[in-house]
Amino acid sequence: MKKILILFLTFISLVSYSQTKLETKIFKYFNEYRVENGLKPLKFDKKVLLSAEHHNNYLNDNGYPYNYILDNGHDEKELTDASDRLKHYGTTGFLGSGECILYTFREWKQNDDNLLKKSIASWISSPTHKRIMLLEYMDIGAISILELEDGYFIMTLNVVNIKD
């Protein structure tokens, strides 16, 4: 009985920490953009995903983007910045990290691929986000997507350098 319970809890943990279909697709598009620009693709990391999911939920719970409780959407009160969130969710020993966030909506009759490609294009059109997306020394990453009401989404991309 104990083995069955352990297997069940392990399965639930794996399911709850895995990417959604949208997150898998957008991470693929993100990596394609990196490769098109002469960089290596990043490896998906579950701990990085947990950090990004946390930030999406925090943003949503605290009024982002229009009534956010802080001046900067990258900040939180307790897990102040991306590196704090990464450490909290088990990513340790990293040398650097970057974060991109996006609040966007699905246009009328817009399919998933167009929504996700538009989201990547939005980050690319921002010089700061583009720079983060093209940091050559990053190794792992994840993108979390939180679907809100009325076709709105909050997306968080985290990239991390774990090597010397």
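Our structure's up above, just so we're on the same page.
The following paragraphs examine the structure supplied in this document. (Residues numbered from 1 in each chain as written. Predicted model: local features only at pLDDT ≥ 70, side-chain atom pairs only at ≥ 80, totals over all residues. Heavy atoms only, no water.)

**Points about unusual backbone geometry**
Across the junction of Tyr64 and Pro65, the peptide omega takes the value 5°, indicating a cis bond. Locating Pro65 in the fold gives a position in the loop between helix H3 (46-61) and helix H4 (82-88). (Helix = DSSP H or I, 4+ residues; strand = E, 2+ residues; numbered from the N terminus.)

**Some words on helix H2 (residues 21-36)**
In an α-helix there are 3.6 residues to a turn, and that puts residues three or four apart on one side. Compared with the 22 Å implied by 1.5 Å per residue over 16 residues, the 23 Å span of H2 between its first and last C-alpha is a close match. When we look at burial in H2, the residues that qualify are Leu22, Glu23, Ile26, Phe27, Tyr29, Phe30, Asn31, Tyr33 and Arg34. Buried residues along H2 sit in contact with strand E1 (43-44), H3, helix H5 (112-125), helix H6 (127-133), strand E3 (140-147) and strand E4 (152-161). Gly38 lies just past H2 and shows a positive phi near 80°. (Expected span 1.5 Å × (residues − 1). Buried < 20%, exposed > 50% of the residue type's maximum accessible area, 1.4 Å probe, protein only. Contact = heavy atoms within 4.5 Å.)

**Structural notes on H5**
Between its first and last C-alpha atoms H5 spans 20 Å; for 14 residues at 1.5 Å apiece the expected length is 20 Å, and the two agree. Where H5 is concerned, the buried positions are Leu115, Leu116, Ser119, Ile120 and Trp123. Buried residues in H5, looked at end-on, bunch into an arc of 135°, giving them a common side. On its buried face, H5 sits against H2, strand E2 (96-105), H6, E3 and E4. Where H5 starts, the residue carrying a side-chain oxygen 3.2 Å from the main-chain nitrogen of Asp113 turns out to be Asn111. (Arc of directions from axis to C-beta. Polar contact = N/O pair within 3.5 Å; in protein donor to acceptor, adjacent residues only side chain to side chain.)

**Considering the side chain of Ser51**
Topologically, Ser51 is positioned in helix H3. Each residue touching Ser51, except ones within four places of it in the same chain, is listed here: Ala82, Arg85, Leu86, Tyr89 and Asn158.

**What about the sheet that holds E2?**
What the four strands build is an open sheet, ordered E1-E3-E4-E2; its pairing is mixed. This sheet does not close on itself; its edge strands, each paired only once, are E1 and E2. Along the sheet, H2 makes contact with E1, E3 and E4, crossing E3 at roughly 135°. Against the sheet, H3 engages E1, E2, E3 and E4, with an angle of about 35° to E3. (Pairing = 2+ DSSP bridges. Axes fitted to C-alpha atoms, helices over the stretch in contact; angles between N-to-C directions.)

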